[in-house]
There are 2 protein chains.
Amino acid sequence: MIFKALASEPRRRILHHLLAEPMTVGEIADNFEMAMPSISRHLAILKQAGLVRERKRGQYMLYALVTDQLTGPLYDFLAPFCEQARAIVAARPRRRGRD
Amino acid sequence: MIFKALASEPRRRILHHLLAEPMTVGEIADNFEMAMPSISRHLAILKQAGLVRERKRGQYMLYALVTDQLTGPLYDFLAPFCEQARAIVAARPRRRGRD
DNA sequence: TAGCTAAATAGGAAAATATCTAAATGCAAG
DNA sequence: CTTGCATTTAGATATTTTCCTATTTAGCTA
């Protein structure tokens, strides 16, 4: 589900915001034009994908980034492609002339 | 568009197949239960996202992986999160007793 | 408890996606 | 130039996603 979760600009922006520090839903919502229920919904999707965790802080809900899915599964997906890219670079002949 | 392009299991599987070597649409389609027009559509989306390139080979169309978007923009997106994960690991106190 | 605030849920409308079948296009080879 | 194969485009439908407003839940504070 992580790829679907990331396939939304608002959600990627939310993650980026949380990079700095955990935030309440309201704090997050302040950075968006979207209504708060929509933010809440996006957070639920991110949570389901394991990209954030939530914690009750009095009457606030504090959302924090969780990097495990990004540094694990997503990185694992990406690795073979990077690998191949490296192979291509390595195989590229050195040029002496222009270009 | 790259994130949307990746938010589909068939499309991710197609990319994975192309990791081995360039393939025609028919060859790709052989690995799926999906009808060929659907595969063609997925390939168009991948192409628009810059994840594959196409080349006419006689009456066949040869599709090949392009890793630039993965090793560039996607990697750039991912990097700060990996960075933070590393920071968290570094800051974690050594434990002597139980948790 | 009553009133206030934060957040989540419900319900619904609009837009985007996925996938199929059928038809069109493009190339190749007799 | 006609026939055949590979691929794409069209058209249609079902599903999913997104985002809103209104309502509900939960906790704080007087």
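Residues numbered from 1 in each chain as written. Chains lettered and ligands numbered in written order. Predicted model: local features only at pLDDT ≥ 70, side-chain atom pairs only at ≥ 80, totals over all residues. Heavy atoms only, no water.

K.L.:
Can you break down the nonpolar core residue by residue, with the values?
P.N.:
Core analysis: the largest hydrophobic core is formed by 54 residues, its most contacted members being A:Leu6, A:Ile28, A:Leu51, B:Leu6, B:Ile28 and B:Leu51. If we skip the residues at most four places from it in the chain, B:Leu51 touches B:Ile2, B:Ala5, B:Leu6, B:Leu15, B:Leu46, B:Ala64, B:Leu65, B:Val66, B:Gln69 and B:Leu70. (Core = buried A, V, L, I, M, F, W, Y, C linked by side-chain atoms within 4.5 Å. Buried < 20%, exposed > 50% of the residue type's maximum accessible area, 1.4 Å probe, protein only. Contact = heavy atoms within 4.5 Å.)

K.L.:
Go over the protein's contact with DNA strand D with me, naming the residues and quoting the values.
P.N.:
Among the 20 residues in the neighbourhood of DNA strand D, the closest are listed as A:Ser38, A:His42, B:Gly26, B:Ser40 and B:Tyr63. The sugar-phosphate portion of DNA strand D accounts for 74% of its atoms within 4 Å of the protein, the bases making up the rest. Between DNA strand D and A:Ser38, the relevant distance is 2.6 Å, taken from a phosphate oxygen to a side-chain nitrogen or oxygen of the residue. At a separation of 2.5 Å, a phosphate oxygen of DNA strand D approaches a polar side-chain atom of B:Ser40. Among the residues forming the surface near DNA strand D, the class breakdown is nine nonpolar, nine polar and two charged. (Near = heavy atom within 4 Å. Polar contact = N/O pair within 3.5 Å; in protein donor to acceptor, adjacent residues only side chain to side chain. Nonpolar A, V, L, I, M, F, W, Y, C, P; charged D, E, K, R; others polar.)

K.L.:
Let's hear about the pattern of salt bridges: which residues, and what values?
P.N.:
Residues and elements named next belong to chain A. For the structure on display, the rule yields four salt bridges over all chains. A salt bridge links Glu-83 to Arg-86; the shortest N-O distance between them is 3.5 Å. With Glu-83 and Arg-86 both in helix α5 (residues 68-91), this residue pair falls three residues apart, about one helical turn. (Salt bridge = Lys/Arg side-chain N within 4 Å of Asp/Glu carboxyl O. Helix = DSSP H or I, 4+ residues; strand = E, 2+ residues; numbered from the N terminus.)

K.L.:
Please give an account of the relation of the copies chain A and chain B that cites residues and values.
P.N.:
With an RMSD of 0.1 Å, the fit of chain A onto chain B corresponds to turning through 180 degrees and sliding 0.1 Å along the axis. Expressed as an axis order, the relation between the two copies is that of a two-fold axis. Residue A:Ala7 of chain A places its C-alpha closer to the rotation axis than any other residue of that unit, at 3.0 Å. In this assembly, 100% of the residues forming the interface of chain A have copies in chain B that are likewise at the interface, indicating an isologous arrangement. (Least-squares fit on C-alpha atoms with pLDDT ≥ 70 in both.)

K.L.:
Before we move on, could you go through helix α4 (residues 36-48) of chain A and cite the residues and values that matter?
P.N.:
Residues and elements named next belong to chain A. With 13 residues, α4 extends 18 Å between its outermost C-alpha atoms, agreeing within 8% with the 18 Å of an ideal straight helix rising 1.5 Å per residue. On its buried face, α4 is in contact with α1 (2-6), α2 (9-18), α3 (25-30), β2 (52-57) and β3 (60-65). Positive backbone phi, at 75 degrees, marks Gly-50, one or two positions downstream of α4. (Expected span 1.5 Å × (residues − 1).)

K.L.:
I'd love a proper account of the UniProt feature "domain: HTH arsR-type" (unreviewed entry) in chain A, names of residues and values included.
P.N.:
In the numbering used here, UniProt assigns the feature "domain: HTH arsR-type" (unreviewed entry) to residues 1-85 of chain A. Annotated as residues 1-85 of chain A, this span is 61% helix and 16% strand, and its ends, taken at the C-alpha atoms, are 26 Å apart. (UniProt positions renumbered as here; feature names shortened; annotations may be inferred.)

K.L.:
Mind laying out the environment of B:Val89, listing which residues take part and the relevant values?
P.N.:
Residues and elements named next belong to chain B. The topology assignment puts Val-89 in helix α5 (residues 68-91). Overall, the relative accessible area of 46% leaves Val-89 in the partly exposed class. C-alpha separation for the pair Val-89 and Asn-31, spaced 58 residues apart in sequence, amounts to 41 Å.

K.L.:
Tell me about the sheet that holds β2(A), and please be specific about residues and values.
P.N.:
Overall, antiparallel pairing links the three strands, which are arranged β1-β3-β2 (chain A) in an open sheet. This sheet does not close on itself; its edge strands, each paired only once, are β1 (23-24) and β2 of chain A. (Pairing = 2+ DSSP bridges.)

K.L.:
Before we move on, can you summarise the packing of α5(A) against α5(B) with the specific residues and values?
P.N.:
Geometrically, a packed helix pair is captured by the angle between its two axes and the distance between the axes. Between α5(A) and α5(B), the shortest axis-to-axis distance is 11 Å and the interhelical angle comes to 140 degrees. Taken together, α5(A) and α5(B) sit at an angle that is classed as oblique. Viewed along their axes, α5(A) and α5(B) form a crossing whose handedness is left-handed. Only B:Leu70, B:Thr71, B:Leu74, B:Tyr75, B:Leu78, B:Phe81, B:Cys82 and B:Ala85 of α5(B) make contact with α5(A), whose side of the interface consists of A:Leu70, A:Thr71, A:Leu74, A:Tyr75, A:Leu78, A:Phe81, A:Cys82 and A:Ala85. In terms of residue class, the contact of α5(A) with α5(B) is built from 14 nonpolar, two polar and no charged. (Axes fitted to C-alpha atoms, helices over the stretch in contact; angles between N-to-C directions. Parallel < 35°, antiparallel > 145°, perpendicular 65-115°, else oblique. Left-handed = near helix turned anticlockwise from the far one by under 90°.)

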